[in-house]
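Spelled out, the chains give:
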Amino acid sequence: MADKTKLEAFNAYDFDSNDDWKSHLRNVELPAGSAASAALQKVKAKWYKKNVDSDFDPAWIASSHSSTATGGSAAYSSQQQQQQQHSSSTTSRPPPSTSWRGASSQAGSRQALSKQLNLAILQAGVLLLALLYLQPLNRGVSAWAYKRLAMTLVILQGYKVYGANGGPAAWNTAAITAWAQRVLVTSDAHYLILAVAAYVNPPVTLLLVPYIVLAAYGLADFVSQQYGSHPIWQRYGAPLHQKMLAYYQKALQFNAQSEIMLGFQLIVGLLFPGRAPLLLMAVWQVLRLRFWSVDAAVHHRMVWAGLDQMSGRVRQQVPILQKAVTFGVNFFHAGRQ
């Protein structure tokens, strides 16, 4: 029988902050598709027994997995929530929240609330500017809103990255390199890169999709935490928020699909005026990073596995496409961290 105390300790363990775990996971090949979450749990359980609690039995995970994993394991969801921090990239609940919100001590509660409020204001700005950009009535307003939206995204993602990781220990090459290696495995850093690329390139609507989704979750999570007892929220906001939580994993999968679709859209765009080669390179570098990152790998690999199955027959009939796929596979493996 599983030791509930030890199992709870395992589920609560902060894998995200352990560099040894992250280094270990980057050398593990996870299967694609729906089996990825279960495989990740097994890898975590074995590593946890070896490095944290020798009395922990990985078999306990198998007995509890069916009740704790829907659309992905609970522990993996917790890890994603800590890294994405979009409510505080990503609380210990299914919605994306941040390590800032996880710090609930009385001493830091005021500072944590201030950071959460700053994030909520920026997320509200993202949603408002996105609406102004997407409105079809005035192109001038759209162009004005996009530039300010891109700048807001840079500020938001930079704030998240600094809030979760701080700055380099020193301003020398070695310290900056070590800091960059630690930061570049996180979703917030990936989205910061794309935000900068969005700011310096012409508008690309598909690029905005993940930011809008994460901002909506982050803002809803903040309002729920701060005003959850208000009658208006309980009547109108809470039911919608619960539905959002139920679809959180699907929302992350949708983000992964939109990010990969963006990569292919930019390739096709090279054939037309208005091509954006610099944005193309930035997006594919980020896609490679996300393929190997702890918090995005499962969803991205599921999308790639689906594309592989869908394109199998076509690639058999058109050999040049298989050569392009082989080139892409080599490109991704060359970026393994």
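Residues numbered from 1 in each chain as written. Predicted model: local features only at pLDDT ≥ 70, side-chain atom pairs only at ≥ 80, totals over all residues. Heavy atoms only, no water.

Draft legend 1. Focus on the side chain of R290. Assignment of secondary structure puts R290 in helix α14 (residues 277-292). Its relative accessible area of 4% is what places R290 among the buried residues. At 2.9 Å, the side chain of R290 forms a polar contact with the side chain of S187. The residues touching R290, leaving out its near neighbours within four places in the chain, are S187, H190, Y191, E259, A296, A297 and H300. (Helix = DSSP H or I, 4+ residues; strand = E, 2+ residues; numbered from the N terminus. Buried < 20%, exposed > 50% of the residue type's maximum accessible area, 1.4 Å probe, protein only. Polar contact = N/O pair within 3.5 Å; in protein donor to acceptor, adjacent residues only side chain to side chain. Contact = heavy atoms within 4.5 Å.)

Draft legend 2. Representation of the side chain of Q157 in the model. Summarising the element assignment, Q157 is placed in helix α8 (residues 139-165). A relative accessible area of 2% means that Q157 is categorised as buried. Of note is the side chain of Q157, whose polar atom sits 3.2 Å from the backbone oxygen of D188. For Q157, the contacting residues outside a window of four places in its chain are D188, Y191, L192 and Y211.

Draft legend 3. Structural view of the packing of helix α10 (residues 187-200) against helix α11 (residues 209-227). Between α10 and α11, the least distance of the axes is 11 Å, while the angle of their chain directions is 125 degrees. Taken together, the axis directions place α10 and α11 in an arrangement best described as oblique. Remark: the crossing between α10 and α11 carries left-handed chirality. Of the residues in α11, those touching α10 at Y191, L194 and A195 are P210, Y211 and L214. Residue classes in the contact of α10 with α11 are distributed as 6 nonpolar, no polar and no charged. (Axes fitted to C-alpha atoms, helices over the stretch in contact; angles between N-to-C directions. Parallel < 35°, antiparallel > 145°, perpendicular 65-115°, else oblique. Left-handed = near helix turned anticlockwise from the far one by under 90°. Nonpolar A, V, L, I, M, F, W, Y, C, P; charged D, E, K, R; others polar.)

Draft legend 4. The nonpolar core, seen in detail. In terms of nonpolar packing, the biggest core is built from 49 residues, with L207 and L279 touching the most fellow members. With sequence-adjacent residues up to four places away left out, L279 is seen in contact with A197, N201, V204, L207 and L266. F10, L40, W47 and W60 belong to the second-largest nonpolar core, a separate cluster that totals 14 residues. (Core = buried A, V, L, I, M, F, W, Y, C linked by side-chain atoms within 4.5 Å.)

Draft legend 5. A look at the pattern of salt bridges. Inspection of every chain in the model, using the stated rule, returns 2 salt bridges. The salt bridge partner of R290 is E259, with a shortest N-O separation of 2.9 Å. Of this pair, R290 sits in helix α14 while E259 sits in helix α13 (residues 248-269); the two residues are 31 residues apart in sequence, bridging distant segments of the chain. For the pair R290 and E259, a shared accessibility class is recorded, and that class is buried. Note that R315 and D308 form a salt bridge whose closest N and O atoms lie 2.7 Å from each other. (Salt bridge = Lys/Arg side-chain N within 4 Å of Asp/Glu carboxyl O.)

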